[in-house]
Amino acid sequence: MSQDTEVDMKDVELNELEPEKQPMNAAAGAAAGEKNGLVKIKVAEDEAEAGTKFTGLSKEELLKVAGSPGWVRTRWALLLLFWLGWLGMLAGAVVIIVRAPRCRELPVQRWWHEGALYRVGDLQAFVGPNAGGIAGLKKHLEYLSSLKVKGVVLGPIHKNQEDEVNETDLKQIDPILGSQEDFKDLLQSAKKKSIHIILDLTPNYRGQNAWFLPAQADVVAAKVKEALSSWLQDGVYGFQVRDVEKLTDASSHLAEWQNITKSFSEDRLLIAGTDSSDLQQILSILESTSDLLLTSSYLSNSSFTGEHTESLVTRYLNATGNRWCSWSVSQAGLLTASIPAQLLRLYQLLLFTLPGTPVFSYGDEIGLKAAVIPGQPVKTPFMPWNESSLPQTSGPISPDMTVKGQNEDPGSLLAQFKRLSHLRGKERSLLHGDFHALASSSGLFSYIRHWDQNERYLVVLNFQDVSLSARLGVSNLPAGISLPASANLLVSTNSTRLSQEEGTSLKLENLSLNPHEGLLLNFPYVA
């Protein structure tokens with residue numbers, strides 16, 4: 001076979017290949033009439049063989065079918081079922097709403113109802129000897145925010161020359177502590193952190209009588225009125241006046257000052273303070289005006305037993321009725337000045353869980369003690385921020401007594417203060433819940449705080465120096481309130497127990513307390 005014959009045979013074989021298997025030929029000598037890359041595809045010669053397309057019913061045919069008796073009955077049945085189902089769901093919703101327990105109407109809540117107040121009576125002692133007075137306080141706002149306090153009772157910080165009424169100006173900042181601009185800057189910075197500044201306007205705070213002489217009462221009262229209006233315009237959220245038992249015609253003056261404060265805004269507060277622990281004298285001050293907070297030495301007049309503390313609390317609550325209370329152990333002093341050291345944690349728990357506003361002095365959160373020198377007046381102690389923040393004359397201090405040291409210790413008094421303050425500010429039963437004292441073992445004071453359908457809280461306080469088993473009685477509880485078999489432990493004033501049992505469920509029938517221990521437990525609402 002010749003070479004030409006072999007080439008022709010190859011061409012025939014190539015042409016006989018299926019079109020999809022033929023290679024694309026890009027050579028210059030491609031067959032005439034064919035384009036580069038052309039692939040031939042075999043297409044069905046008769047598209048009719050694919051079958052007839054379905055075009056659906058025409059409009060006339062659809063109307064004819066829809067009007068047939070079967071489809072009419074079907075449509076009416078479906079429509080009836082729809083409306084019956086809708087009415088059934090509506091009726092079910094109405095029954096649920098009617099039979100569901102009604103939520104109790106919430107009381108009006110102001111900012112001082114929502115957390116603790118924190119007193120900074122001696123500004124220089126709080127911020128430190130060289131920290132800059134008002135400017136130094138601004139630097140500690142972050143710390144105050146971490147305590148969850150709602151207000152800072154500051155001062156007095158106004159100009160006051162001892163026992164000189166004409167040299168006392170309640171509208172001017174003592175230049176030793178800062179300027180008017182410093183104070184306004186503090187107000188703005190505190191507002192950003194939701195901390196309300198309350199200004200102490202006790203006039204003669206450096207003198208022998210806080211209100212000067214009785215003959216000067218009208219002059220002093222006029223100065224207070226002018227100062228109230230001035231500071232309210234600057235953005236102060238409230239005022240405190242102390243030693244009101246020494247103020248001539250205190251009831252009428254307090255009523256007038258309260259009217260000035262409230263006429264500016266219902267969101268402004270007036271606090272009165274007294275060293276009295278007599279309930280009748282305290283009630284006479286409270287009767288001067290409504291919505292007045294009063295700090296006193298009432299709770300410090302205690303034998304520090306469970307029975308006596310329960311008696312003091314229940315008598316006060318019964319005497320004040322539905323009035324909003326405040327709780328402290330004095331009008332200005334530290335807890336350590338009135339409360340035995342072994343009961344400090346117990347009293348923190350007590351003040352935070354009673355119905356009303358707890359009021360503390362700076363240093364109460366760490367157990368700060370005033371230095372007592374025989375024969376000399378008690379001086380306000382410096383706040384121990386760290387080991388190096390105190391004057392050299394103060395002597396060495398243990399790290400666990402400083403703010404820095406206790407911040408790093410989860411079992412410290414400061415840690416307990418923060419935990420209680422956080423709970424007090426967010427739980428309705430602790431914010432504004434009802435209070436019911438429980439019968440319990442001798443030496444204990446126990447009570448329940450509850451609000452509507454929210455979590456209930458049980459407080460059990462052991463004032464004795466021995467371990468006790470709580471035998472809780474519920475005979476005096478209102479209808480719908482009962483004690484469960486067990487409750488969850490939230491806070492124990494015994495740091496060892498707290499670290500081991502926090503969050504665990506404790507059986508109430510076998511509830512035991514260590515010496516001087518207080519427990520805060522919670523349990524759910526059950527319909």
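Along each chain, residue indices are assigned from 1 in the same order as the chain's sequence is written. It should be noted that, the model being predicted, local features are given only for residues of pLDDT at least 70 and side-chain atom pairs only at 80 or more, the latter also being counted only at that level, while totals for whole chains, interfaces and linings use all residues. Hydrogens are left out, water is left out, and the side-chain values use all remaining heavy atoms of the structure.

Applied cut-off: UniProt positions are given in the numbering used here, feature names are shortened, and annotations may be inferred rather than shown by experiment.
An unreviewed UniProt entry annotates the protein chain as Amino acid transporter heavy chain SLC3A2 of Myodes glareolus. Turning to the protein chain, the UniProt annotation filed under Sequence similarities (unreviewed entry) states: "Belongs to the SLC3A transporter family."

**A look at helix H7 (residues 180–192)**
Stated precisely, the cut-off is as follows: Counting from the N terminus, the helices are the DSSP runs of H or I reaching at least four residues and the strands are the DSSP runs of E reaching at least two. Expected span of a helix, by definition, is 1.5 Å for each gap between consecutive residues, and there is one gap fewer than residues. Throughout this description, buried means an accessible area under 20% of the type-specific maximum (1.4 Å probe, protein chains only), exposed means over 50%, and partly exposed covers the range between. Contacts: residue pairs with any heavy atoms within 4.5 Å of one another.
Over its 13 residues, H7 runs 19 Å from end to end, which matches the ideal 18 Å to within 8%, given 1.5 Å per residue. When H7 is considered as a whole, its buried residues turn out to be Gln-180, Phe-183, Leu-186, Leu-187, Ser-189 and Ala-190. Structurally, H7 contributes buried residues whose contacts are with helix H5 (134–139), helix H6 (141–146), strand E2 (151–154), strand E4 (164–173), strand E5 (196–200) and helix H8 (217–234). Positioned one or two residues after H7, Ser-194 has a phi angle of 60 degrees, which is positive.

**Quick word on the sheet that holds strand E18 (residues 518–523)**
Within a sheet, neighbouring strands are paired by backbone hydrogen bonds and run either parallel or antiparallel to one another. Rule in force here: Any two strands between which DSSP finds at least two bridges are classified as paired. Fitted lines through C-alpha atoms serve as axes, helices being fitted only where they are in contact, and the angles separating the N-to-C directions of these axes extend from 0 to 180 degrees.
Reading across the sheet, the 6 strands line up as E11-E12-E13-E18-E15-E16 and stay open at both edges, with antiparallel pairing between neighbours. Bordering the open sheet on either side are strand E11 (434–438) and strand E16 (505–507), each of which pairs with just one other strand. Pairs of neighbouring strands in the sheet enclose a mean axial angle of 35 degrees, with direction left out of account. By the bridge criterion, 5 bridges tie E11 to strand E12 (residues 444–450) in an arrangement that is antiparallel. Bridge pairing links Leu-438 to Ser-446 in E12.

**Some remarks on the pattern of salt bridges**
Heads up, the rule is: Throughout this description, the term salt bridge denotes a Lys or Arg side-chain nitrogen within 4 Å of a carboxyl oxygen of Asp or Glu.
Following the criterion strictly, the structure yields 12 salt bridges and no others. The salt bridge involving Asp-174 is made with Arg-206; its shortest N-O contact spans 2.7 Å. Here Arg-206 lies in the loop between E5 and H8 and Asp-174 lies in the loop between E4 and H7, a separation of 32 residues in the sequence. Judged by its relative accessible area of 6%, Asp-174 falls in the buried class. With relative accessibility at 37%, the residue Arg-206 sits in the partly exposed group.

**Quick notes on the sheet that holds E2**
In spatial order, the strands read E8-E7-E6-E5-E2-E1-E10-E9; together these 8 strands make up an open sheet with parallel pairing. Among the strands making up the open sheet, the edge pair consists of strand E8 (293–295) and strand E9 (326–327). Across 4 bridges, strand E1 (residues 117–120) lies against E2 in parallel orientation. Looking across to E2, one finds that Tyr-118 is bridged to Val-152.

**A word on the pairing of E5**
To be explicit about the condition: Classification remark: right-handed applies to a crossover when, strands pointing away from the viewer, the course from the first strand over the helix to the second runs clockwise.
E5 sits mainly inside the fold: 5 of its 5 residues count as buried. Neither face of E5 is exposed, since His-196, Ile-198 and Asp-200 on one face and Ile-197 and Leu-199 on the opposite face are all buried. Examined bridge by bridge, E2 and E5 share 4 bridges and lie parallel to one another. Residue pairing in the sheet places Leu-154 in a bridge with Leu-199 of E5. Of the pairings in the sheet, the one linking E5 to strand E6 (residues 238–241) comprises 3 bridges and is parallel in character. Bridged to Leu-199 within E6 is Phe-239. For the segment spanning E5, H8 and E6, crossover handedness is right-handed.

**Quick look at the packing of helix H12 (residues 344–353) against helix H14 (residues 413–426)**
A packed helix pair is summarised by two numbers, namely the angle formed by the two axes and the spacing between the axes. Basically, it comes down to this: We call two directions roughly parallel when the angle between them is under 35 degrees, roughly antiparallel when it is over 145, roughly perpendicular when it lies between 65 and 115, and oblique otherwise. When residues are grouped by polarity, Ala, Val, Leu, Ile, Met, Phe, Trp, Tyr, Cys and Pro land in nonpolar, Asp, Glu, Lys and Arg in charged, and all others, Gly among them, in polar.
Between H12 and H14, whose axes approach to 10 Å, the crossing angle comes to 10 degrees. By the angle class used here, H12 and H14 are roughly parallel. Where H12 abuts H14, its residues Arg-345, Gln-348, Leu-349 and Phe-352 lie against Leu-413, Gln-416, Phe-417, Leu-420, Ser-421 and Arg-424. For the contact of H12 with H14, the class distribution of residues is 5 nonpolar, 3 polar and 2 charged.

**Overview of the environment of Gln-453**
By the secondary structure assignment, Gln-453 is in the loop between E12 and strand E13 (456–462). Along the primary structure Gln-453 and Pro-524 are separated by 71 residues, whereas in three dimensions their C-alpha atoms are 8.6 Å apart.

**Overview of the nonpolar core**
We apply this condition: As used in this record, nonpolar core signifies buried Ala, Val, Leu, Ile, Met, Phe, Trp, Tyr and Cys residues forming a set joined through side-chain atoms within 4.5 Å.
With 102 residues, the main nonpolar core has Tyr-118, Phe-126, Leu-144, Phe-183, Trp-257 and Met-383 as its most contacted residues. With near-sequence residues (within four places) excluded, Met-383 lies in contact with Tyr-118, Ala-125, Phe-126, Tyr-143, Tyr-362, Gly-363, Glu-365, Ile-366, Leu-368, Ser-389, Leu-390 and Val-403. Grouped together as the second largest cluster of nonpolar side chains are 19 residues, Leu-444, Ala-470, Leu-472 and Leu-519 included.

**Looking at the side chain of Ser-296**
Note the following rule: Side-chain atoms alone can form a polar contact between residues adjacent in sequence; in general such a contact is a pair of N or O atoms within 3.5 Å, and within protein one must be able to donate a hydrogen while the other accepts it.
Within the element layout of this structure, Ser-296 appears in the loop between E8 and helix H11 (306–320). A distance of 3.2 Å separates the side chain of Ser-296 from the backbone nitrogen of Tyr-298, its partner in a polar contact. Every residue in contact with Ser-296, bar those within four places of it in the chain, is listed here: Thr-274, Ser-276, Ile-282, Ser-328, Val-329, Ser-330 and Gln-331.

**A closer look at the UniProt feature "transmembrane region" (unreviewed entry) in the protein chain**
Under the UniProt annotation, the feature "transmembrane region" (unreviewed entry) is placed at residues 76–98. In the segment residues 76–98, helix accounts for 100% and strand for 0%; the C-alpha atoms at its two ends are 33 Å apart.

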